Amino acid sequence: MTETATLSYNGKTVELPVRHSVHGPDVVDIRKLYAELDVFTYDPGFTSTASCSSTITFIDGDKGELLYRGYPIDQLAEKSHYLEICYLLLYGELPTATQLEDFENRITRHTMLHEQMQYFFRGFRRDAHPMAIVCGVVGAMSAFYHDSTDIGDPWQREVASIRMIAKLPTICAWAYKYSIGQPFIYPRNDLDYASNFLHMCFAIPCEEYTVDPILARAMDRIMTLHADHEQNASTSTVRLAGSSEANPFACIAAGVACLWGPAHGGANQACLEMLREIGTPDRIPEFIARAKDKDDPFRLMGFGHRVYKNFDPRAKVMKDSADEVLGLLGIENNPTLQVAKELEKIALEDEYFIARKLYPNVDFYSGIILDAMGFPTSMFTPIFALSRTVGWIAQWKEMIEDKEQKIGRPRQSYIGAARRDYTDVEAR
Ligand code: SDX
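Residues numbered from 1 in each chain as written. Predicted model: local features only at pLDDT ≥ 70, side-chain atom pairs only at ≥ 80, totals over all residues. Heavy atoms only, no water.

J.: I keep staring at the site of the ligand and nothing clicks. Help me out?
T.: Looking at the ligand, there are 24 residues lining it, with His229, Gly302, His305, Arg314 and Arg388 nearest. Within the contact set of the ligand, an oxygen atom lies 2.9 Å away from a side-chain nitrogen or oxygen of His264. Here a nitrogen atom of the ligand sits 3.0 Å away from a polar atom, N or O, in the side chain of Tyr352. About the coverage of the ligand: the protein hides 76% of its 1,100 Å² of free accessible area. Counted by class, the shell around the ligand contains 10 nonpolar, seven polar and seven charged residues. (Near = heavy atom within 4 Å. Polar contact = N/O pair within 3.5 Å; in protein donor to acceptor, adjacent residues only side chain to side chain. Areas by Shrake-Rupley, 256 points an atom, 1.4 Å probe, with all protein chains shown as cover. Nonpolar A, V, L, I, M, F, W, Y, C, P; charged D, E, K, R; others polar.)

Rendered as structure tokens:
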């Protein structure tokens with residue numbers, strides 16, 4: 001017996017079926033609402049709207065819990081590694097040793113870019129933001145990899161997925177190299193995914209470069225923590241673009257563009273710049289006051305979240321990783337880390353933040369680690385984008401294979417001018 005929710009309006013009543021969720025709220029299926037009650041629902045920002053059914057990731061905002069295919073993020077961050085998690089997100093189960101070896105080999109052998117693509121980079125100004133380059137180059141992949149753009153062919157979807165997961169680190173590393181005027185460093189098949197990315201970023205042709213295993217492990221963990229996150233703004237952008245049957249590279253480029261915003265993936269860059277502007281703990285009260293001032297557009301970057309109304313579990317892992325990495329690098333007294341910890345402490349004791357359940361999110365500590373690794377702040381969001389590519393792709397594939405999905409086309413509440421006739425200019 002299907003449970004229902006009853007809605008009455010304007011003398012009519014409709015019974016709406018309720019669909020049960022494994023975790024999280026059940027959902028009221030409103031697909032017949034307009035036909036039967038002649039009304040739309042209204043939910044700008046989709047704070048109470050499920051856009052799809054998904055089996056990939058679940059967030060419990062009250063508990064501060066994040067599950068990838070049912071596995072808690074803190075267990076995965078400690079026991080797994082990024083490419084194993086890519087396999088889990090793409091195919092739904094943790095791989096056997098053989099499956100993992102095969103997957104890692106396939107990714108490794110797709111890390112090179114079409115040689116012609118390097119000239120695409122050279123069309124940008126040297127001072128272009130790396131996200132502008134990444135967004136452009138990812139979109140341009142559809143011009144180089146024609147044999148994996150037919151979204152109706154499962155094999156082409158698979159090839160496009162492998163290509164993007166494999167090539168995003170190369171694209172991001174080359175965007176960085178281009179911005180600092182250094183030659184591109186090619187990927188190497190003898191390095192693991194995170195080490196390969198760091199090598200492409202920091203090696204130079206003139207000498208051997210050995211990746212510090214501490215930094216490789218920290219980078220792998222950062223990628224893991226950013227891999228997927230339910231129907232966030234950029235993932236919803238990828239799904240909406242994919243619903244029009246656009247090619248996979250165009251859909252991921254749309255996700256990159258959306259992620260760039262400082263309210264979303266651009267917050268890691270904005271957060272470190274904010275921490276540097278604060279500079280010393282004694283200036284924290286001034287910035288807390290600004291964050292609370294409704295007349296001041298300033299917000300504490302790296303704080304707050306649409307879903308988490310408790311600690312973002314990723315922020316906890318990231319904070320521990322920041323302590324570990326900076327300690328191992330002998331810079332545990334990093335002033336920016338000290339300001340971050342003091343800011344977190346003061347904010348979490350302040351009624352304004354407590355009342356609004358504002359906690360540090362994934363972006364609050366990530367920039368401190370990336371800064372310690374030697375990345376400029378402009379590279380923080382590209383690293384978020386390369387890490388999230390697997391999540392975008394897993395969600396895009398799920399959308400295409402979902403029989404209930406159709407082209408996304410929201411409606412509106414029109415509050416503009418009522419119908420009126422044209423008036424000639426002489427009569428105006
Ligand atoms: C990411 O969705 C995802 O899952 C995203 C993400 C992912 O992995 O994909 O988790 C990645 O985008 C993390 C968020 C990164 N952004 C930032 O750190 C930027 C700073 N944060 C805010 O802009 C804000 O918290 C958002 C955008 C993250 C969430 O905004 P909401 O859910 O729309 O909340 P809101 O704007 O309605 O705020 C509710 C109240 C408001 O005050 P009142 O009007 O009720 O008095 O809280 C206040 C806001 O002014 N508030 C903040 C604040 N965040 C919210 N006040 C000061 N500083 C902040 N950071």
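J.: What exactly am I supposed to notice about unusual backbone geometry here?
T.: One can expect most non-glycine residues to show negative phi and most peptide bonds to be in trans. Of note in this structure, Asp38 is not a glycine but carries a positive phi near 60 degrees. Summarising the element assignment, Asp38 is placed in the loop between helix H1 (33-37) and strand E4 (57-60). The backbone of Arg69 sits at a positive phi, close to 50 degrees, despite the residue not being glycine. For Arg69, the position within the fold is in the loop between strand E5 (65-68) and strand E6 (71-72). (Helix = DSSP H or I, 4+ residues; strand = E, 2+ residues; numbered from the N terminus.)

J.: How do you make sense of the pattern of salt bridges when you look at a structure like this?
T.: Pairing between side chains of opposite charge can happen when their charged atoms approach one another. On inspection of all chains with the given rule, the structure shows 22 salt bridges. As a salt-bridge pair, Lys341 and Asp323 come within 2.5 Å of each other at their nearest N and O atoms. Of the two residues, Lys341 is situated in helix H15 (residues 335-348) and Asp323 in helix H14 (residues 313-328); the sequence distance between them amounts to 18 residues. Its relative accessible area of 31% is what places Asp323 among the partly exposed residues. Between Lys345 and Glu349 there is a salt bridge; the shortest N-O distance is 3.8 Å. With relative accessibility at 46%, the residue Lys345 sits in the partly exposed group. For Glu349, a relative accessible area of 55% corresponds to the exposed category. Through salt bridges that share partners, Arg19, Asp29, Arg31 and Glu404 make up one connected network. (Salt bridge = Lys/Arg side-chain N within 4 Å of Asp/Glu carboxyl O. Buried < 20%, exposed > 50% of the residue type's maximum accessible area, 1.4 Å probe, protein only.)

J.: So what exactly am I meant to see when it comes to the sheet that holds E5 here?
T.: Whether parallel or antiparallel, the strands of a sheet pair through hydrogen bonds between backbone atoms. Read across the sheet, three strands follow the order E4-E5-E6 without closing on themselves; strand pairing throughout is antiparallel. In the strand order of this sheet, the two ends are held by E4 and E6, each with one partner. The sheet contact formed by E4 and E5 spans four bridges and is antiparallel. The residue bridging Phe58 from the neighbouring strand is Leu67, located in E5. (Pairing = 2+ DSSP bridges.)

J.: Would you explain the packing of aromatic side chains in this entry?
T.: The geometry of two aromatic rings is summed up by the distance between their centres and the angle between their planes. Evaluated as defined, the whole model comprises 21 aromatic pairs. A ring pair is formed by Phe303 and Phe353, whose centres lie 5.8 Å apart and whose planes are at 70 degrees; its orientation type is edge-to-face. A residue pair is termed long-range when its members are at least 10 positions apart, and Phe303 in the loop between helix H13 (284-292) and H14 and Phe353 in helix H16 (residues 351-355) qualify at 50 residues. Phe303 sits in the buried class, given a relative accessible area of 11%. When the ring centre of Tyr178 is taken as reference, the NZ or CZ atom of Arg126 above it lies at 4.1 Å. (Phe/Tyr/Trp six-rings, centres within 6.5 Å; stacked < 30°, edge-to-face > 60°. Lys NZ or Arg CZ within 6 Å of the ring centre and 35° of its normal.)

J.: Would you take a moment to explain the environment of Arg217 for this structure?
T.: Along the chain, Arg217 turns up in helix H9 (residues 213-225). For Arg217, a relative accessible area of 28% translates into the label partly exposed. The sequence separation of Arg217 and Ala194 amounts to 23 residues, and the corresponding C-alpha distance is 7.5 Å. Apart from the residues lying within four places of it in its own chain, the contact partners of Arg217 are Ala77, Glu78, Ser80 and His81. (Contact = heavy atoms within 4.5 Å.)

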